[in-house]
Amino acid sequence: MALPIQDLPAWARLNDVSFDNVEVTTTVDKGYGVVSQKDLAAPEGTVETPQLLAVPHDLILNSLAVEEHAKEDKEFKQLLEAVGHHPPRVNVLLFLLVQLARNSSHAHVGVSNPWTQYLQFLPKTVLLPTVWTEDERPLLKGTSLEVAVGAKLRALDNEFEMIREASSDIPCWNGLLWHSGAVSLKDWVHLDALYRSRCLELPKSGESMVPCIDMINHSSDPSAYYDQNSDYEAILLLRPGVSMSKGQEVTISYGDTKSAAEMLFSYGFIDPESTSESLVLPLAPFPDDPLAKAKLVAFGKAPKVHVARESGSIRWDSNFAYLKCVNEEDGLDFRILQDNEGNQQLRVFWQDEDVTDQISEFQKLVAQTHPLPEVLRLRVAVSVQENLEIHLKQLKSELPRHDSSTIREECLKHGLLLRQIETSLLEDAIQALEQEKNSLLEAENVVAYLGSMETSNSDLVGEEASNEADDFS
């Protein structure tokens, strides 16, 4: 059930949300937005800029607010305890899932609250890649989002099944959520998309959803900003030096350092005016590395390589790439240590020193202590370059044929833009790595090392030839 945006002012008045010379309306190409109702100005150097919106603290939705709601709603508290301790985001989504079910069912379970109705004002369609269709998702093939979106969907599936299993034995919640068919995995994915695209990082309340302020669209040249006052209200203020005419859209910044992939993943669009260029790609161990499994376990998180363009130059880094490219001959060792209680733990040793707690800074650690740092850097550069070349080849491969009628225009537009941005960045990164390799190949230590390797190989060939000459059979 959806409510028309024209009903929002009544909801706002009922819940003490104050609009000061602005209103929520439908924009030409961004869905809902906030526009000024009269000319506004905040002269440069003004200490107190005009307030445009104020939202009471008790309407701010975050994990703490969910816990407070559970104190008043015994049935919801039972559900929250059954699901168990999870990241704050899961608690908020669980709360929203209940409100969604209450709106679509005649069953009255739990205590109604302002978010039960506000949820009906939020858009039923969002364009984050996690809610793209099967026809639209191939647009991400070869991009940095291909793996990320797949992993996110699997995680959402696991969360939803966990909630279903935990709540099915509670009669009232089994009846509202599952027996009635009021909610589905599709709803959970949708709510996650709403949460990620509408969350704000408030200075006092942290990551939170804020009604009405979450209707404000992004701009790389924003006219307003959000804050919290002494009463912990979330407020929207006009930026100093900004003047607006009646009917002009009020905007905020969703972040000026986010990459194209981050913007598309979290908000469903790419800002064409953004100057931030970076990407993060997965990085796997060598398939024939006997220490591969130990390296992954010790590293403790998904191995990645980060590439960015900064001031016109390419920069890349990857702690795992260094761990990937060293072995026992370099001084790497893994040991299973057991404490007095019999608990076993994998420990990482580098040149006989326990560096388990420094694994997140392995690149810096090894670069400073490796006996042949230029040789190691060459190994790493070759490995990273090969990884980037694989992704570039996938990006340049022909997209699966698609029927334009089955792909939404915005998905196609931003999917192709992401491919274009990441293709350009990968091409330049591969070229930069090639130049780095050529430079390293001229380093004195590298020349000497490669020369010694050639001598060793020649000796081996000579020994094999001698063995063959002595074979009189």
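Coordinates for the structure precede this section.
No experiment lies behind these values; they were computed from the predicted model shown.

(A) Quick peek at the environment of Leu-237. Residue placement: Leu-237 occurs in strand E10 (residues 234-238). Each C-alpha atom, one on Leu-237 and one on Pro-50, is 5.8 Å from the other, the two residues being 187 residues apart in sequence.

(B) Region of the structure containing the pairing of strand E3 (residues 32-36). Taking burial as the measure, the five residues of E3 include four buried ones, the bulk of the element. Where strand E2 (residues 22-26) meets E3, five bridges bridge the pair, whose relative direction is antiparallel. Residue pairing in the sheet places Glu-23 in a bridge with Val-35 of E3. The hairpin turn running from E2 into E3, its antiparallel successor, is five residues long, and Gly-31 in that turn takes a positive phi close to 75°. When E3 meets strand E12 (residues 249-252), the two strands line up antiparallel, connected through two bridges. Paired with Val-34 across the bridge in E12 is Val-250.

(C) How the structure looks around the sheet that holds strand E9 (residues 224-228). Taken in spatial order, the four strands make up an open sheet running E1-E5-E10-E9, and their pairing is antiparallel. Among the strands making up the open sheet, the edge pair consists of strand E1 (18-19) and E9. Pairing analysis gives four bridges linking strand E5 (residues 51-55) to E10, with the strands arranged antiparallel. Bridging from a neighbouring strand, Leu-53 pairs with Leu-236 of E10.

(D) Structural context of helix H3 (residues 74-83). Every buried residue belonging to H3 is among Phe-76, Leu-79, Leu-80 and Val-83, and all of these are buried. Take H3 and look down its axis: the buried residues cluster within an arc of 100°, on one side only. Relative to its buried face, H3 has exposed residues pointing more than 90 degrees away, namely Lys-74 and Glu-81. Where the residues of H3 are buried, they touch helix H2 (63-72), helix H4 (88-104), helix H6 (145-167) and helix H7 (171-179). The residue sitting at the N-terminus of H3 and contributing the capping side-chain oxygen is Asp-73; that oxygen lies 3.2 Å from the backbone nitrogen of Glu-75. One or two residues past the end of H3 sits Gly-84, with phi positive at roughly 90°.

(E) Representation of the sheet that holds E12 in the model. Pairing is mixed in the open sheet, where four strands are placed in the order E2-E3-E12-E8. Either end of the sheet is taken by a strand with one partner, and the two such strands are E2 and strand E8 (217-218).

(F) Up close: the pattern of salt bridges. Throughout the structure, instances matching the rule amount to 21 salt bridges. Among the ionic pairs, Arg-309 bridges to Asp-428, the shortest N-O distance being 2.8 Å. You can see Arg-309 sitting in strand E14 (residues 304-310) and its partner Asp-428 sitting in helix H14 (residues 409-441), a full 119 residues away along the chain. When salt bridges that share partners are traced, they join Arg-89, Lys-152, Glu-159, Asp-192 and Arg-196 into one network.

(G) Local environment of the packing of aromatic side chains. A complete count under the given rule lists ten aromatic pairs for this structure. Aromatic pair Trp-115 and Tyr-118: ring centres 5.2 Å apart, planes at 80°, arrangement edge-to-face. With Trp-115 and Tyr-118 both in helix H5 (residues 114-118) and three residues apart, the pair spans about one turn of that helix. Of the residues examined, Trp-115 reaches a relative accessible area of 4% and is grouped as buried. Using a relative accessible area of 0% as the deciding quantity, one classes Tyr-118 as buried. Aromatic rings pair up to connect Trp-11, Trp-115, Tyr-118 and Phe-121 into one cluster. Positioned above the aromatic ring of Trp-178 is the side chain of Arg-164, whose terminal nitrogen or guanidinium carbon lies 4.8 Å from the ring centre. Note that Arg-196 overlies the ring of Phe-265, its terminal NZ or CZ placed 4.5 Å from the centroid.

(H) Region of the structure containing the nonpolar core. Ranked by internal contacts, the top residues of the largest apolar core, which has 77 residues, are Phe-76 and Leu-96. Counting the residues that make up this core, at least three belong to each of domain 1 (5-59 + 210-252) and domain 2 (63-201). Setting aside residues no more than four positions away along its own chain, Leu-96 makes contact with Leu-61, Trp-115, Leu-119, Leu-191 and Met-209. If you look at the next biggest cluster of nonpolar residues, it comprises 37 residues, including Ala-294, Cys-325, Leu-392 and Ile-430.

(I) Here's a closer look at the layout of surface pockets. Roughly 1,000 Å³ of internal volume is contained in the largest pocket. Around the largest pocket sit 36 residues that line it, and Asp-29, Lys-30, Asn-217, Tyr-267 and Phe-269 are the ones nearest its centre. At the level of secondary structure, the elements contributing two or more residues to the lining of the largest pocket comprise helix H8 (185-198), E8 and H14. Ranked by residues supplied to the lining of the largest pocket, first place goes to H14 with four residues.

(J) Structural detail: unusual backbone geometry. Here Asp-16, not a glycine, exhibits a phi torsion of approximately 65°, which is positive. For Asp-16, the location among the structural elements is in the loop between helix H1 (8-14) and E1. Judged by relative accessible area, Asp-16 falls into the exposed class, the value being 59%. Non-glycine residue Tyr-232 carries a positive phi angle of around 65°.

How each quantity is defined
Residues numbered from 1 in each chain as written. Predicted model: local features only at pLDDT ≥ 70, side-chain atom pairs only at ≥ 80, totals over all residues. Heavy atoms only, no water. Helix = DSSP H or I, 4+ residues; strand = E, 2+ residues; numbered from the N terminus. Buried < 20%, exposed > 50% of the residue type's maximum accessible area, 1.4 Å probe, protein only. Pairing = 2+ DSSP bridges. Arc of directions from axis to C-beta. Contact = heavy atoms within 4.5 Å. Polar contact = N/O pair within 3.5 Å; in protein donor to acceptor, adjacent residues only side chain to side chain. Salt bridge = Lys/Arg side-chain N within 4 Å of Asp/Glu carboxyl O. Phe/Tyr/Trp six-rings, centres within 6.5 Å; stacked < 30°, edge-to-face > 60°. Lys NZ or Arg CZ within 6 Å of the ring centre and 35° of its normal. Core = buried A, V, L, I, M, F, W, Y, C linked by side-chain atoms within 4.5 Å. Domains from an automatic or database assignment. 1 Å grid on protein atoms, 1.4 Å probe; cavity = no way out; pocket = protein on both sides within 12 Å on 5 of 7 lines; lining within 4 Å. Points joined across faces, edges and corners; volume = space filled by probe spheres on them.

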